Amino acid sequence: RMLKKQMQCCLDIDRLNAAFLAIYESLIPPEEEKMKQELFLMSLEKLINKEWPQARLYLYGSCANSFGVSKSDIDVCLAIEDAEVNKPEVLLKLADILQSDNLQNVQALTRARVPIVKLMDPVTGISCDICINNVLAVVNTKLLRDYAQIDVRLRQLAFIVKHWAKSRGVNATYQGTLSSYAYVLMCIHFLQQRRPAILPCLQEMRTTYSVTVDDIQCAYFHQVEKLRGFGSRNKETIAGLVWAFFNYWAYSHDYTNAVISVRIGSILSKHEKEWTRRIGNDRHLICIEDPFEISHDLGRVVDKFSIKVLREEFERAADILQYDPNPCATLFEPY
Ligand code: GTP
Ligand code: MG
């Protein structure tokens, strides 16, 4: 009977694996969507160069870090050399230019934490946010994309986690839950921690890529094609990893003392980061260190109400994966 039970369990795991892989495949943006985005970006750059001939546009965020699902909005950074730019002024000017070019829903949000112009292209249906000189975001986008090249399980896990977070309503920083960027960092950290490790820690390796942005030195090993197969000694499958990921955040993470750090590939203490007290609006109830802006805690948006919501959702997910006979349906149920 034991053997029969074990075999049933293996069948269930195989089924769950297949289900997760199917969800992952269905979320990958088709090649033609990427092409459309590139073309749109080029036409946008041409338009912008009429006013600022030296300016360049860069994609960042999920459309460039390989963690974007089909039909996401695109994030664009306008890089203007002039160090003295007045961002609100440029944004208003930019909004003007875009509006006269028949782009829709043009809106300048000059007072946001990251000031942006929003717009929608009626021809392609692409929505996009444009920010100015946010080079750090372009660099961390590259870091995420480089990690994704090392082991396909990162992209699979991150897609499932993002899909879960969106379905369950825990992917909104304005509501005190976590950004997609934070979830991807949680996935990278988690795969760095597996034994054998599935991902290395690129920032602890020899420097092959280095830029200085806003006085922050961003350096890491970026020759990731040399690291393919890094995690191949670890045979865990996506179903096992998703289960372990939620178990970690539900039952093993030390919320009182621990800070997760992709930069060092392990855990730091809140104490050494001086993240033990609330300062202004920054509470540190779940601590996720930004890989380059190391004083930046991606969990700072989480408050004493939303930490409860988050932890209950982690526990719900872990329990479903443990006990539910048809976990895939329940896991992504809209909240
Ligand atoms: P989706 O749009 O949800 O698919 O994900 P995304 O990867 O575009 O993530 P998000 O919109 O959360 O963030 C966009 C980019 O902003 C990230 O990829 C980072 O490069 C950058 N970023 C840097 N710091 C922060 C931060 O504190 N919060 C957020 N949200 N983004 C940051
Ligand atoms: Mg985005």
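Residues numbered from 1 in each chain as written. Chains lettered and ligands numbered in written order. Predicted model: local features only at pLDDT ≥ 70, side-chain atom pairs only at ≥ 80, totals over all residues. Heavy atoms only, no water.

## As for the overall build of the protein chain
Reasoning step 1: Scanning the protein chain for helices and strands turns up 10 helices and 10 strands.
Reasoning step 2: For the protein chain, the C-alpha radius of gyration of 21 Å lies close to 20 Å, the compact-globule estimate for 335 residues.
Reasoning step 3: By principal-axis analysis of the C-alpha atoms, the protein chain measures approximately 75 × 45 × 45 Å.
Reasoning step 4: Relative to its 335 residues, the protein chain shows a buried fraction of 50%.
Reasoning step 5: Long-range pairs, those at least 24 residues apart, make up 61% of the contacts in the protein chain with a sequence separation of at least 6.
Reasoning step 6: A total of about 17,400 Å² of accessible surface is found on the protein chain, and carbon and sulfur atoms cover 51% of it.
Reasoning step 7: Of the charged side chains in the protein chain, 40 are positive and 41 negative; the average position of the first set lies 6 Å away from that of the second. (Helix = DSSP H or I, 4+ residues; strand = E, 2+ residues; numbered from the N terminus. Rg over C-alpha atoms; globule rule 2.2 N^0.38 Å. Buried < 20%, exposed > 50% of the residue type's maximum accessible area, 1.4 Å probe, protein only. Contact = heavy atoms within 4.5 Å. Areas by Shrake-Rupley, 256 points an atom, 1.4 Å probe, with all protein chains shown as cover. Lys, Arg positive; Asp, Glu negative; His and termini not counted. Charge placed at Lys NZ, Arg CZ, Asp CG, Glu CD.)

## Points about the site of ligand 1
Reasoning step 1: Near ligand 1 there are 17 residues, and of these Ser62, Asn140, Lys166, Ser180 and His296 occur at the shortest range.
Reasoning step 2: Within the side chain of Lys162, a nitrogen or oxygen atom sits 3.0 Å from an oxygen atom of ligand 1.
Reasoning step 3: Counting residues per element, the ones that place at least two in the shell around ligand 1 are α4 (135-150), α5 (152-167) and α6 (180-193).
Reasoning step 4: Element by element, the count of residues in the shell around ligand 1 is highest for α4, at 3 residues.
Reasoning step 5: A class-by-class count of the residues in the shell around ligand 1 yields 4 nonpolar, 8 polar and 5 charged.
Reasoning step 6: A domain split of the shell around ligand 1 shows at least three residues from each of domain 1 (31-133) and domain 2 (151-331). (Near = heavy atom within 4 Å. Polar contact = N/O pair within 3.5 Å; in protein donor to acceptor, adjacent residues only side chain to side chain. Nonpolar A, V, L, I, M, F, W, Y, C, P; charged D, E, K, R; others polar. Domains from an automatic or database assignment.)

## Comments concerning the sheet that holds strand β3 (residues 104-109)
Strand pairing in a sheet relies on backbone hydrogen bonds, with the paired strands running either antiparallel or parallel.
Reasoning step 1: Strand order in the open sheet made by the 5 strands is β1-β2-β5-β4-β3, with mixed pairing throughout. The open sheet has two edge strands, β1 (56-60) and β3, and neither has a second partner. Mean inter-strand twist for the sheet, computed between neighbouring axes without regard to direction, equals 20°.
Reasoning step 2: The pairing of strand β4 (residues 116-120) with strand β5 (residues 127-132) spans 5 bridges and is antiparallel. Looking at the pairing, Lys118 lines up with Asp129 of β5.
Reasoning step 3: Across the sheet, helix α2 (residues 31-51) touches β1, β2 (74-79), β4 and β5, and the angle it forms with β1 is around 150°. (Pairing = 2+ DSSP bridges. Axes fitted to C-alpha atoms, helices over the stretch in contact; angles between N-to-C directions.)

## Notes on the nonpolar core
Reasoning step 1: Counting 73 residues, the largest nonpolar core has Phe20, Trp164 and Phe246 as its most contacted members.
Reasoning step 2: If you look at the next biggest cluster of nonpolar residues, it comprises 30 residues, including Leu41, Cys63, Val76 and Val117. (Core = buried A, V, L, I, M, F, W, Y, C linked by side-chain atoms within 4.5 Å.)

## Section: the domain arrangement of the protein chain
Reasoning step 1: Domain boundaries in the protein chain define domain 1 (31-133) and domain 2 (151-331).
Reasoning step 2: If you look at the interface, domain 1 gives 6 residues, while domain 2 gives 8 residues.
Reasoning step 3: Both faces considered, domain 1 and domain 2 share a buried interface measuring about 600 Å² in area, 63% of it formed by carbon and sulfur atoms.
Reasoning step 4: Our count for the contact surface shared by domain 1 and domain 2 stands at 0 salt bridges.
Reasoning step 5: For the pair domain 1 and domain 2, the number of links is 2 residue pairs in polar contact (both at pLDDT 80 or more).
Reasoning step 6: Considering only residue class, the side of domain 1 that touches domain 2 consists of 2 nonpolar, 3 polar and 1 charged. (Buried area = accessible area lost by both parts, 1.4 Å probe. Salt bridge = Lys/Arg side-chain N within 4 Å of Asp/Glu carboxyl O.)

## Quick word on the packing of aromatic side chains
Reasoning step 1: Per the counting criterion, the structure on display carries 12 aromatic pairs.
Reasoning step 2: Summarising the aromatic geometry, the rings of Trp164 and Phe314 are spaced 5.7 Å apart at their centres and angled 20° between planes, so their arrangement reads as stacked. In this pair, Trp164 sits in helix α5 while Phe314 sits in helix α9 (residues 306-323), placing the two residues 150 residues apart along the sequence.
Reasoning step 3: The buried category is assigned to Phe314, whose relative accessible area is 0%.
Reasoning step 4: Ring pairing ties together the aromatic residues Trp164, Tyr183, Phe190, Phe245, Phe246, Tyr248, Trp249, Tyr255 and Phe314, which thus form one cluster.
Reasoning step 5: When the ring centre of Tyr209 is taken as reference, the NZ or CZ atom of Lys142 above it lies at 4.9 Å. (Phe/Tyr/Trp six-rings, centres within 6.5 Å; stacked < 30°, edge-to-face > 60°. Lys NZ or Arg CZ within 6 Å of the ring centre and 35° of its normal.)

## Quick word on the environment of Gly231
Reasoning step 1: If you trace the backbone, Gly231 turns up in the loop between β7 (216-220) and α7 (238-252).
Reasoning step 2: Judged by relative accessible area, which is 1%, Gly231 ranks as buried.

## Let's talk about unusual backbone geometry
Reasoning step 1: The linkage connecting Arg195 with the following residue, Pro196, adopts the cis geometry, with an omega of -10°.
Reasoning step 2: Its place among the elements puts Pro196 in the loop between α6 and β6 (209-213).
Reasoning step 3: One non-glycine residue, Ser66, lies in the positive phi region at around 70°.

## Topic: the pairing of β4
Reasoning step 1: Where β3 and β4 come together, 4 bridges link them in antiparallel fashion. The residue of β4 that forms the bridge with Gln107 is Lys118.
Reasoning step 2: Between β3 and the antiparallel strand that follows it, β4, lie 6 residues.
Reasoning step 3: Here β4 folds back onto β5, and the loop between the two strands holds 6 residues, one of which, Gly125, carries a positive phi near 80°.

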